[in-house]
Amino acid sequence: MASKGKRFVFLLIIVSAALAKPPDMDPGQKPYLPPPQFKEMAKKLMKKCLQMGHPVPQMKPPGRPDKSDVPEGSRNGPESGILPSTFANILSSFPPADTSRADQVPSAESDSMDLTNKMWNCTGLQSMIRLMRNSSEASACYMRAFAAPYSWKILTTMGDRDMDPEDYDGMVWAAKPLLQNMPPVKMNLPPMKRPYMTKMIKMLREAFDFLSEDQRVYVREWVKEQVFQNYFNCTRKAASRPKPGVSPNPSESNPTTQDPSESNPTTQDPSGSSPTSQNPSESNPTSQRPSESNPTSQRPSGSKPTSQRPSGSKPTTQNSPESRPRSQDPSTSSEERTRKQKPSRPKPNQSQGMSSFQHPVVTKHCPPKLMWLKREVLQEMGPYVSRLRLDDVKSSPKNEMCEFFKSPQFKSSFSGAAGIKPLLAKKLLQTVQTCFSDQEFPQHVGRLGMLACFYQDPPAVNATLTKDFLSQLDNCNNPKIKKVKRLLVKNLMSLYGNNASAELLYDLASGVVILPAKQLAKFPVSALKKTLKRLSNAKWSLNQAKQLAKKILGRNKTLTIDDLRSMHSAVRGVSPYLLKMVKPQEGESLDKKDLKNITKWMNKAQRKALFMTLRRYVKASQLLQKMPGRLLPSVSLDTLAKANLTLNQLDGIYWNRAQSAFLVRMFEKKLNKTDDIRKLGAAIQGITCKIIDRFADNDTKKMAQAITETPQWLSKVQAGCAARKLFISLEKKRQGYFQNITKEELEEIPTQLLIRLPHMKVKDLPDSVCPVFLDKMKEANFSSLPLRAPSRLALAQRAVRCLTYGTNISSLSSEEVLELGLVVCELPPSLLHRMAPETLKSSLQAMASCKQIPPPHRKEIIQLLIHTYGSQCDWSAETLQSLGPLLLWDDTAISALCCKPELNEVLSDLIVSQSHSPASGALALKKKHFLCITSTGARVRSQAVKKDLAPTVESIEELNEANVYWSPTQLDEMTEETFTTTVETLGAIPDYSSDQLDALQKKAVKVWGPVSSMNESLVTQLGCVSQGFSSSDLEKLPISPDTLQEIAHCGWTQLQTEAVWKGFAKRNNLTAQELGAVEIVALSRFICGLSSREIAQVNVDAFKEAVASVGDVLCPVLVAQQLIRLAVTAFGKPSTWTEADVSNLGNILVGLNAVELRSLDQSVFPFLSQSCIPSIPADTFAVLSVGQLEALGPDNAAMVTDAQKAKLGKAKLAALDRALVGSDSESADSGAPSLSTEGVAAFLKPFLFLFLGFLLL
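Here the structure is a predicted model, which means the values were calculated and not measured.

Asks: Any chance you could explain the state of the cysteines here in plain terms?
Replies: Any covalent bond linking the sulfur atoms of two cysteines counts as a disulfide. Tallying each qualifying case throughout the model produces eleven disulfides. Two residues, C453 and C476, share a disulfide whose sulfurs are 1.8 Å apart. For the disulfide bridge between C453 and C476, the dihedral angle about the S-S bond is near -75°, and by the sign convention the bridge is left-handed. On the criterion of sequence distance, the pair formed by C453 in the loop between α17 (422-433) and α18 (463-471) and C476 in the loop between α18 and α19 (481-495) is long-range, its members being 23 residues apart. With respect to class, C453 is no different from C476; both count as buried.

As structure tokens, then:
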């Protein structure tokens, strides 16, 4: 290895030491291992290997190392022997290979065992990587999972310093699984020189699809900064402000301002930030411990320092950014919200070691109009070009962008870049169009990639160019794309003479989904099969899918798995009754991947039918190992009980909540160790507070870490119980634990539990832990915290105190505030008002991405937004795109927007991107979008739509759900052609008024004739428009089982529900007694249409098999009361119902009477369905006890209505309030569990005896 490589080995040894404990440990210290966070990341990646069917390799005891495999220079380093032993330690936490797993890969087991045992000869990470790269992917899976986080740490800690290119390639290769499976929240990419920067960008390009939007934007900013430094020797980074009491020049600084004992000159921060200074004791010979050199520097314990940073924070040096004056460049201070992580910005807890290997600090500031976006940079960025800012596009010379467009990399850069913002796409499209004349550009439309989605006026071109253009529209979600596709398909079909040939079908590509169902049926079966395979993810309408299934499957009475596989996404058109007849052929394999692809497109009834069919041919235990997540809800608890599962088989299967609760109760006696908790996987959803509380104090920390390893499965109630238990155990360990907590102790507390620290404890956290606290807050998921939890505000205030450290908040820079991550969502308006103007703008832009903002803050924040950015009526499209989500928290703020043609696409994009937002302004946004699309004025605030404006195909397809705002008169004036073209779009809207429905059903009768002449295909297209028919007409409509599922979400009345059930039963010759599990699931909400007599006749076994589906339906109280009687017959008295039973029954619980509701065990209340809470009659709800109300948990308590609250007394209202705020963790304020009535009695008992003794004297 070259001398450069030897220096790398030396650096690697230093970093390895930073990631572990120093070798000269005391006997009582922990073993020399990488940090726990690294081990947990490796475990999660290893679980992926397990899920892929790779057996867990078992490592033999180490033999004598083979020195020939050890790279020179690293044999005696800190890594020696550590990596293999750490790997073996992590492997031991996995259960032995389970030979009963059907997805196991036996052929890879011996190779994997052999490879892992060879690892004992690896004394360095590089030798391990070389060993893996020369092995198969299957055999190296676990080793690579282990090496990935370690390699990523080294890459982000060392950057490219003196690293041999071959070694760097190996590191990048080894780190890739981490980015592709569980990208770190904090990427912390260091500065890099070329060609290392190019290698890193290549890996980041390959990981693009796996990164979050914030991470993609972070990569964009990091690339920009590297381009500035490498190509132009300048920077756009703002200099950090000096900290109070720290001199800019260390040679002039007071020797008492830094305590060398608070920094380790040889320890590298695992966060990966590049160090920029040496040990103060080495750089400044006058630096001594305050206790030795300056008695005045000493301060009482717990007093606030006046000239020191928080413990562990970075001292300022001459070369550090903190010593440079703050930049006044406005382009830097007004960076958009997404610049949350500055690539090389010094962190508060940055280590002081390795400064001799740092990159030269670039201090020259880049000019604002630097033309940095060259062709070479564009080609390197790949899909990240789709995340450029509009200003970035202006930084590309026209000739460079034109050369990029002509290069092979352009199309690939936009091929999979979904999520590109309309404004950026249009800007890029306009830029590349200027590279050609109007006549020339159409010849290049085949190169546009995702930009083709925004080319809304394609010219008439030849068949070849039309095919090329169509092939690029597969993944477009632009609302106007249907019009473009329709035009292109029409042009292409005319060139083929409208002949339904296999060649035409091939050339139509994704445009084939535009064709009506009848037209699809004209193509040959062989051609349709090939098209389905090629367009495996095409989104067919139900009517199209049913026509394709009928055409391809014909009149087959039995189907095979291969038949279903060949249908691809059109499998949604296969009848549930036909799926009941599936029969696997002899020797036909049942592959988990195939089942995943098949069930992806199915509805509940189809999945239930398929599962019950497969259950006849495959043992339950084997079938469960092959089942994808979407099929698992079809598994009843009775089937689960018969599967004879072991605890080791649970992980890797996506159990639902009821199944999780059932499994936890089944294995409850075995859940005494943290390793057993980890084996649950998704079943951890069923863990109760009772199980959490029974862990001994000594094991509580390990339990807390285990239970938070899968935060996506943890409920607010579970997290609250775990936090309460952890905080109480820590307070028992040491009085005032959180007042004098160390950085290491705080690091060990899982972030998801730390955010539940009682607000008074948060305020008491010492300044010395600020670096760790800020890092944890940056990665915290506040959506897992109750909305009304007092700790929300306390955490935000403490984070700001850590940032300011005694200075005024007005001095904070944009970069510093945005380092708060999601904590910025919790900042109160009082703090925002005190920020500098540019910092305030950045903060508001960051808040636009918040999933939740505390209700008391919303109104004032909107006012502050308008005060800062001006009236919404004057906002540009770019401002609306950036800040629009923040407006959604106020209906009136959305209504005040003025309509401009350039805003329409942004409004449409906001509706799509914010479709799952809890903000109240979603409906107002749709109304505003409707007004803007249908208005003829240039600037309209809320004017009514012109009465004579009738809906068009283009406006209906662009409006989607906003079509609900057409007046009945306008709908009546719609042309017949428009109705037949858009009926499925109109039929997808569930909440029309009765007058609108009347107008639409009349239009349907006018176009298709009376109800008696309508066939199943037409009824399927009508969707929710069917609500407009009378009850007598509904009985006559030929509604199929799959159509029932499709229209179940519509706003049916009880009378209509009864009519649909009667018609369905009559056409299918069904009675209530004959309903099987599949039929019950297919009925969905129309099960509510059964009479009380019919409900009593339903087969109990069929009901038990389908109860989870019935529990999802919200029937009227009178119907629910009848269903409760059926549930009592099936599951026994309510007082005996378990958490799993209650979770399964869901909304049926609305039918419980007062006595039955009060008899439910307190432990089941966190498992109640949220949707059932507001439907429980207020008088019935009022019988709940204080303990039951408190056990509801935050989410259920938030669903309680005002009418229900009005029936509660003061004590019960207080209990409900405690449930809302998550009172469990707050009980830790005292450092001990809160006392119940029994606890008070036990506490007072000794005093009572003492008092009696006194009386007897």
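Asks: I tried to follow the pattern of salt bridges on my own but got confused; where do I start?
Replies: Pairing of side chains with opposite charge becomes possible as their charged atoms draw close. Under the defined criterion, the tally for this structure stands at 47 salt bridges. A salt bridge links E206 to K176; the nearest nitrogen and oxygen atoms lie 2.6 Å apart. Placement of E206 in helix α8 (residues 196-206) and of K176 in helix α7 (residues 165-181) is noted, with a sequence separation of 30 residues between them. Here E206 falls in the partly exposed class, since its relative accessible area comes to 33%. You can call K176 buried: its relative accessible area is 18%. For the salt bridge of K224 with E221, the shortest nitrogen-to-oxygen distance reads 3.6 Å. Pair noted here: K224 and E221 are both in helix α9 (residues 213-232), with a separation of three residues, about one helical turn. According to the relative accessible area criterion, K224 is buried, its value standing at 4%. Among the ionic contacts, a cluster of salt bridges with common partners joins R220, E221, K224 and D392.

Asks: Help me understand the environment of F773, please; the structure alone is not making it clear to me.
Replies: By the element assignment, F773 lies in helix α38 (residues 770-779). Overall, the relative accessible area of 1% leaves F773 in the buried class. Sequence-wise, F773 and C802 are 29 residues apart; in three dimensions their C-alpha atoms are separated by 8.4 Å. Excluding its chain neighbours within four sequence positions, the residues that come into contact with F773 are L746, L754, L765, L795, R798, A799 and C802.

Asks: Can you walk me through the side chain of N1196 in this structure?
Replies: Within the element layout of this structure, N1196 appears in helix α64 (residues 1193-1197). Given a relative accessible area of 3%, N1196 falls into the buried group.

Asks: Whenever I open this one, the packing of aromatic side chains confuses me. Can you help?
Replies: Each aromatic ring pair is characterised by the separation of its centres together with the angle its planes make. One pass over the structure, following the stated rule, counts 19 aromatic pairs. Where F405 meets F441, the ring centres are 6.3 Å apart and the plane angle is 25°; that geometry is what we call stacked. Taken together, the residues F405 in helix α15 (residues 398-406) and F441 in the loop between α17 and α18 connect sequence positions 36 residues apart. The buried category is assigned to F405, whose relative accessible area is 0%. Classification of F441 by relative accessible area gives buried; the value is 3%. Among the aromatic residues, ring-to-ring pairing joins F404, F405, F410, F414, F436, F441, Y455 and F469 into one connected group. When the ring centre of F405 is taken as origin, the NZ or CZ atom of R447, which lies over that ring, is 5.9 Å away.

Conventions used here
- Counting from 1, residues in each chain are numbered in the order their sequence is written.
- This being a predicted model, a pLDDT of at least 70 is required before a residue's local features are given, and a value of 80 or more before pairs of side-chain atoms are given or counted; all residues contribute to the totals for chains, interfaces and linings.
- Side-chain metrics in this entry use all non-hydrogen atoms of the structure; hydrogen atoms and water are not considered.
- Here, two cysteine sulfur atoms that lie within 2.5 Å of each other are counted as a disulfide.
- Secondary structure elements are taken from DSSP: a helix is a run of H or I of four residues or more, a strand is a run of E of two residues or more, and numbering for both begins at the N terminus.
- Under the scheme applied here, a residue whose accessible area is under 20% of the maximum for its type counts as buried, over 50% as exposed, and between as partly exposed, the area being computed with a 1.4 Å probe on protein chains only.
- Just to be clear on terms, a salt bridge is a Lys or Arg side-chain nitrogen sitting within 4 Å of an Asp or Glu carboxyl oxygen.
- Should any heavy atoms of two residues lie within 4.5 Å, those residues are considered in contact.
- Pairs were defined over the aromatic rings of Phe, Tyr and Trp, the Trp ring being its six-membered one, requiring ring centres within 6.5 Å. Orientation was assigned from the angle between planes: stacked under 30 degrees, edge-to-face over 60, tilted for the rest.
- Charge-over-ring contacts are defined here by two conditions on Lys NZ or Arg CZ: a distance within 6 Å of the ring centre and an angle within 35 degrees of the ring normal.

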